[in-house]
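Read off the chains here:
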Amino acid sequence: MKGFHYFIIVIVVCFTSCRDNSTSPSVYDNNNSPVTTNVTNSFTYTVNANQYSDSSQNILSFVSDSLVVTLTSSNYVSGQAIVSVRDSLNAPIFTDTVTSNTTTTIAHLKTTTPRYCNIVISSMTAKLVFVLAGE
């Protein structure tokens, strides 16, 4: 019985001494930290921008020439973003400028294989999401 009491005391001490002293930002503190995923036949770029400026140049790894494109801006306040997708010869496949709340979706876009994605953001306050996927 004595061993059982020690076990209970150890468990209580373990649970009461646990604290979260982490310094990682919370979900609500992720402004101006773009998240990019760039894998074969898929590219995503997301940012919660608050007076944010950046220039992102990405080399894509696509084997598909049939694409789905989605560009969404929500909670727009100010600034602009220019999204450009180009092929290996630097010919434009998709280009759009964001200056308001907007959603652009293109499905079954038959084109050349994308090779580059450039995103230029200037003093933007908005949530921006860009997705490019091969079909």
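Counting restarts for each chain: residues are numbered from 1 in the order of the written sequence. Totals for whole chains, interfaces and linings use all residues, but because this is a predicted model, local features are given only for residues with pLDDT of at least 70 and pairs of side-chain atoms are given and counted only at 80 or more. Only hydrogens and water are set aside; all other atoms, that is, all heavy atoms of the structure, feed into the side-chain values.

Colleague: Looking at this structure, I do not really get the nonpolar core. What am I missing?
Modeller: One broad rule of soluble globular proteins: the nonpolar side chains tend to lie buried together. In these notes, a set of buried Ala, Val, Leu, Ile, Met, Phe, Trp, Tyr and Cys residues joined through side-chain atoms within 4.5 Å is what counts as a nonpolar core. Relative accessibility under 20% of the residue-type maximum defines a buried residue, over 50% an exposed one, and the middle range a partly exposed one, all with a 1.4 Å probe and only protein chains included. Counting residues in hydrophobic clusters, the biggest one holds 25 residues, and the most contacted among them are Phe43, Tyr45, Ile121, Phe130 and Leu132. Helix and strand labels come from DSSP, where a helix needs a run of H or I of at least four residues and a strand needs a run of E of at least two; each type is numbered from the N terminus. Looking at which element gives the most residues to this core, the answer is strand E6 (residues 114-134), with eight residues. By the convention used here, residues are in contact when the closest approach between their heavy atoms is within 4.5 Å. Not counting the four nearest positions on each side in its chain, leucine 132 is found in contact with Asn41, Ser42, Phe43, Leu60, Phe62, Leu67, Val68, Val69, Val85 and Pro114.

Colleague: So what exactly am I meant to see when it comes to the packing of aromatic side chains here?
Modeller: What characterises a pair of aromatic rings is the spacing of the ring centres plus the angle enclosed by the ring planes. Aromatic pairing here means that ring centres of Phe, Tyr or Trp (its six-membered ring) are within 6.5 Å. Orientation follows from the plane angle: under 30 degrees is stacked, over 60 is edge-to-face, and everything else is tilted. Taken as a whole and judged by the stated rule, the model has two aromatic pairs. Ring geometry for phenylalanine 43 and phenylalanine 130: centres 6.3 Å apart, planes at 55 degrees, overall tilted. Within this pair, whereas phenylalanine 43 is found in strand E2 (residues 42-59), its partner phenylalanine 130 is found in strand E6, the two being separated by 87 residues in sequence. Among the residues examined, phenylalanine 130 registers a relative accessible area of 0% and is labelled buried.

Colleague: What is the right way to look at the pairing of strand E4 (residues 92-98) in this model?
Modeller: Looking along a regular strand, one sees the side chains alternate between the two faces of the sheet. The criterion for strand pairing is that DSSP finds at least two bridges linking the strands in question. With six bridges connecting them, strand E3 (residues 66-87) and E4 associate as antiparallel partners. Each bridged residue has a counterpart across the sheet, and for serine 84 the counterpart in E4 is threonine 95. Counting the residues between successive antiparallel strands, the hairpin from E3 to E4 contains four residues, one of them, asparagine 90, with a positive phi of roughly 70 degrees.

Colleague: Sorry if this is basic, but what is going on with the confidence of the model for the protein here?
Modeller: Keep in mind that low pLDDT regions are not for reading the predicted coordinates in detail. Looking at the protein as a whole, its pLDDT mean stands at 86, while 79% of the residues score no less than 70. Looking at any residue, its pLDDT shows the predictor's confidence there, from 0 to 100. Scored below 50 in pLDDT, residues 12-18 makes zero contacts in the model with residues more than four places away or belonging to other chains.

Colleague: Would you explain the side chain of aspartate 87 in this entry?
Modeller: Positionally, aspartate 87 belongs in strand E3. When charges are tallied, Lys and Arg are placed among the positive residues and Asp and Glu among the negative ones, while His and the ends of the chain are skipped. A pair is scored as a salt bridge if a Lys or Arg side-chain nitrogen falls within 4 Å of a carboxyl oxygen belonging to Asp or Glu. Look at aspartate 87: it is buried, it has no salt bridge, and the nearest opposite charge is arginine 86 at 7.1 Å. Any N or O atom pair separated by 3.5 Å or less is treated as a polar contact, with the protein-specific requirement of one donor-capable and one acceptor-capable atom, and with residues adjacent in sequence counted only for side-chain atom pairs. In terms of polar contacts, aspartate 87 uses its side chain to reach the backbone amide nitrogen of alanine 91, at 2.8 Å. Excluding its chain neighbours within four sequence positions, the residues that come into contact with aspartate 87 are Ile93, Thr112, Thr113, Pro114, Arg115 and Tyr116.

Colleague: Looking at this structure, I do not really get unusual backbone geometry. What am I missing?
Modeller: Where the residue is not glycine, phi is negative for most of them; where a peptide bond is considered, it is trans in most cases. Look at asparagine 90: it is not a glycine, yet its phi comes out positive at around 70 degrees. The backbone of histidine 108 sits at a positive phi, close to 60 degrees, despite the residue not being glycine. For histidine 108, the position within the fold is in strand E5 (residues 102-110). Residue histidine 108 is classed as exposed on the basis of its relative accessible area, which comes to 58%.

Colleague: Whenever I open this one, the environment of arginine 115 confuses me. Can you help?
Modeller: Note that arginine 115 resides in strand E6. Given a relative accessible area of 35%, arginine 115 falls into the partly exposed group. Taking the C-alpha atoms as reference, arginine 115 lies 9.8 Å from alanine 91; in sequence the two are 24 residues apart. Once residues lying within four places of it in the same chain are set aside, the contact partners of arginine 115 are Asn58, Ile59, Leu60, Arg86, Asp87 and Ser88.

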